[in-house]
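Listed below, chain by chain, are the residues.
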Amino acid sequence: MKSVIKSWLAIVTCMSVCIGGLVWAEQDATPSPELKAQLGQQLFFDPNLSFNRTMSCATCHAPADGFVDHRSPDVGMAASLGDDAKSFGDRNAPSVGYAAFAPKFHRRKDGIYAGGQFWDGRASTLAEQAGGPPLNPIEMGMPDKTSVVERLLENNHYQSAFKGIYGDAVFQDHDTVYDAMTDAIAEFEKGDFFSPFDSKYDRYLRGEYTMTPQEELGRTLFFSQQFTNCNLCHQLRTTPNRADETFTNYQYHNIGVPENTHLRHKNGVKAIDEGLLNNPAVEQDVAARGKYKTPSLRNVAVTAPYMHNGTFKDLRTVILFYNKYNSRSKKRQINPETGKPWRAPEVNENLSLTELETGPALDDKRIDALVAFLETLTDKRYEALLEKQKSKKKGAQ
């Protein structure tokens, strides 16, 4: 991964220097999104924005791994190791792939919370999200915005780029330049690099791929309003098979995920994670306790582990977890990863039982078909990674 970051930094630096004269000659013009994105690209891969100069945005959102963090096998990749090389967070780093499509955090007229970034929506926009990790003591560890700006000023290119895009006065106020930094990173994250829409599913919609019988069964089940409950939370558009489907309605639910005791043993966290209730914008609405944002299913097959705390290792386990709500079979009440009964929810109130208990129990054929369909949501550049993971799993059986 270090070689990937270095190569990207070299490419971006060269590209940015080459366009420098064009940008700075037109300071009065409105800067194009492309120029902001090019600056954001360099910032995204820059480890100098962390205290010990070891972490960048790309460290926890690695492009080679579906924009998630697979660096910490000792906690099952459930959480990210911080810049101090000893601290672990308490939540799984969400993929930033397709994150640009999330609406701003808001409460609808019917009282339902939706949108935002992070598992609890505490950052309303991509730019707000980008501003969080540099100042988080267990992530990138910078003490304050001033320290981040001082790192930016070390780089002569950054000085020219920020002034050229955001105006000569941008460095006169640290809040202003910090906001400009997060704006540029957000602009980069809006691009096709993060959201290519080129999976087998997308190619199927364009008539460029024929699904296998198993994948087609899974697709039918997924979008069915009779045989599964998947689309109640994981379908954004009002009709199935839309080209711009992100496979989440961006709403919040408590689905009864248990505590990740292994992670908690490593990071020492003892407090209950209250989910959406931790969002300052929620104002102590107790009905929000234990709820988390519904994630996109794009690239879900290559971004294990799963759930907000990374407690499940395998995608099939996730489907079995949901299926336990609808099955009376004793077999379905056993977590296949532990061989023991599913553990109790970390937060037992506010369970979304209406959604969870919709639909019949699924047999193995239908469970496997849903897994096969979810695999078709893998971006083209990760298909080789998916096949590698499947081969490794098959070899371990």
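Above this note sits the structure.
Residues numbered from 1 in each chain as written. Predicted model: local features only at pLDDT ≥ 70, side-chain atom pairs only at ≥ 80, totals over all residues. Heavy atoms only, no water.

Engineer: Just to check I follow, could you spell out the overall build of the chain for this structure?
Structural biologist: Summing up its helical and strand segments, the chain has 15 helices and six strands in all. Computed over C-alpha atoms, the radius of gyration of the chain comes to 22 Å, within 12% of the 21 Å expected from 2.2 N^0.38 for 397 residues, which places it in the range of a compact globule. Principal-axis analysis of the C-alpha atoms places the extent of the chain at approximately 70 × 50 × 50 Å. Each of the 397 residues in the chain was classed as buried or not, and the buried ones make up 50%. (Helix = DSSP H or I, 4+ residues; strand = E, 2+ residues; numbered from the N terminus. Rg over C-alpha atoms; globule rule 2.2 N^0.38 Å. Buried < 20%, exposed > 50% of the residue type's maximum accessible area, 1.4 Å probe, protein only.)

Engineer: Explanation requested: the nonpolar core in the structure shown.
Structural biologist: One recurring pattern in soluble globular proteins is that nonpolar side chains are buried together. Residues L43, F162, M181, F222, F373 and L374 are the most contacted members of the largest nonpolar core, which totals 70 residues. Element by element, the count of residues in this core is highest for helix α7 (residues 174–189), at eight residues. Leave out the neighbours within four places in its chain, and L374 touches F222, L297, V300, A301, L315 and I319. Listed in part, the six residues of the second largest apolar core include F105, Y113, Y252 and L276. (Core = buried A, V, L, I, M, F, W, Y, C linked by side-chain atoms within 4.5 Å. Contact = heavy atoms within 4.5 Å.)

Engineer: Just to check I follow, could you spell out the packing of helix α2 (residues 33–44) against helix α6 (residues 156–166) for this structure?
Structural biologist: Each pair of packed helices can be described by the angle between their axes along with the distance between the axes. Where α2 meets α6, the closest approach of the two axes is 10 Å, and the angle between their N-to-C directions is 150 degrees. Taken as axis vectors, α2 and α6 run roughly antiparallel relative to one another. In this structure, the crossing between α2 and α6 has a hand that is left-handed. Residue-level inspection shows L35, K36, L39, Q42 and L43 of α2 in contact with α6, the latter providing H157, Y158, A161, F162, I165 and Y166. (Axes fitted to C-alpha atoms, helices over the stretch in contact; angles between N-to-C directions. Parallel < 35°, antiparallel > 145°, perpendicular 65-115°, else oblique. Left-handed = near helix turned anticlockwise from the far one by under 90°.)

Engineer: I would appreciate a short explanation of the packing of aromatic side chains in the present structure.
Structural biologist: Aromatic ring pairs are reported here in terms of the distance separating the ring centres and the angle at which the planes meet. For the structure on display, the rule yields 31 aromatic pairs. Both rings, one in F312 and one in F321, keep their centres 5.1 Å apart while their planes meet at 50 degrees; by these two values the pair is tilted. The class of F312 is buried, set by a relative accessible area of 1%. Pairwise contacts between aromatic rings join F44, F45, F67, F188, F193 and F194 into one cluster. Directly above the aromatic system of F118 lies the positively charged group of R122, at a separation of 3.9 Å from the ring centroid. (Phe/Tyr/Trp six-rings, centres within 6.5 Å; stacked < 30°, edge-to-face > 60°. Lys NZ or Arg CZ within 6 Å of the ring centre and 35° of its normal.)

Engineer: Explanation requested: the packing of helix α5 (residues 145–153) against α7 in the structure shown.
Structural biologist: Direction vectors running N to C along α5 and α7 enclose 70 degrees, while the axes themselves pass 9 Å from each other. Considering their axes alone, α5 and α7 lie roughly perpendicular with respect to each other. Where α5 crosses over α7, the two elements pack in a sense that is left-handed. Seen from α5, the contacting residues are K145, T146, V148, V149 and L152; seen from α7, they are H174, D175, V177, Y178 and M181. In terms of residue class, the contact of α5 with α7 is built from six nonpolar, two polar and two charged. (Nonpolar A, V, L, I, M, F, W, Y, C, P; charged D, E, K, R; others polar.)

Engineer: Explanation requested: α2 in the structure shown.
Structural biologist: Three- or four-residue spacings in an α-helix give side chains the same orientation, since the helix completes a turn every 3.6 residues. Under the 1.5 Å per step criterion, the end-to-end length of α2 is 16 Å for twelve residues, consistent within 8% with the ideal 16 Å. Most of α2 is tucked away, with nine of its twelve residues classed as buried. Within the span of α2, buried status applies to K36, A37, Q38, L39, G40, Q41, Q42, L43 and F44. (Expected span 1.5 Å × (residues − 1).)

Engineer: What's the story with α7 in this structure? I'm lost.
Structural biologist: Taking 1.5 Å as the rise per residue, α7 with 16 residues should run 22 Å; its terminal C-alpha atoms sit 23 Å apart, in good agreement. Taken residue by residue, α7 has V177, Y178, A180, M181, T182, A184, I185, A186, E187, F188 and E189 as its buried positions. Summarising the contacts, the buried residues of α7 are in contact with α2, α3 (57–60), α4 (126–130), α5 and α6.

Engineer: Help me understand the side chain of Q117 in this model?
Structural biologist: By secondary structure assignment, the location of Q117 is in the loop between β2 (113–114) and α4. A relative accessible area of 7% means that Q117 is categorised as buried. Of note is the side chain of Q117, whose polar atom sits 3.1 Å from the backbone oxygen of A99. Those residues within four positions of Q117 in sequence are excluded, and the remaining contacts are A99, A102, R122, A123, T125, L126, Q129 and K293. (Polar contact = N/O pair within 3.5 Å; in protein donor to acceptor, adjacent residues only side chain to side chain.)

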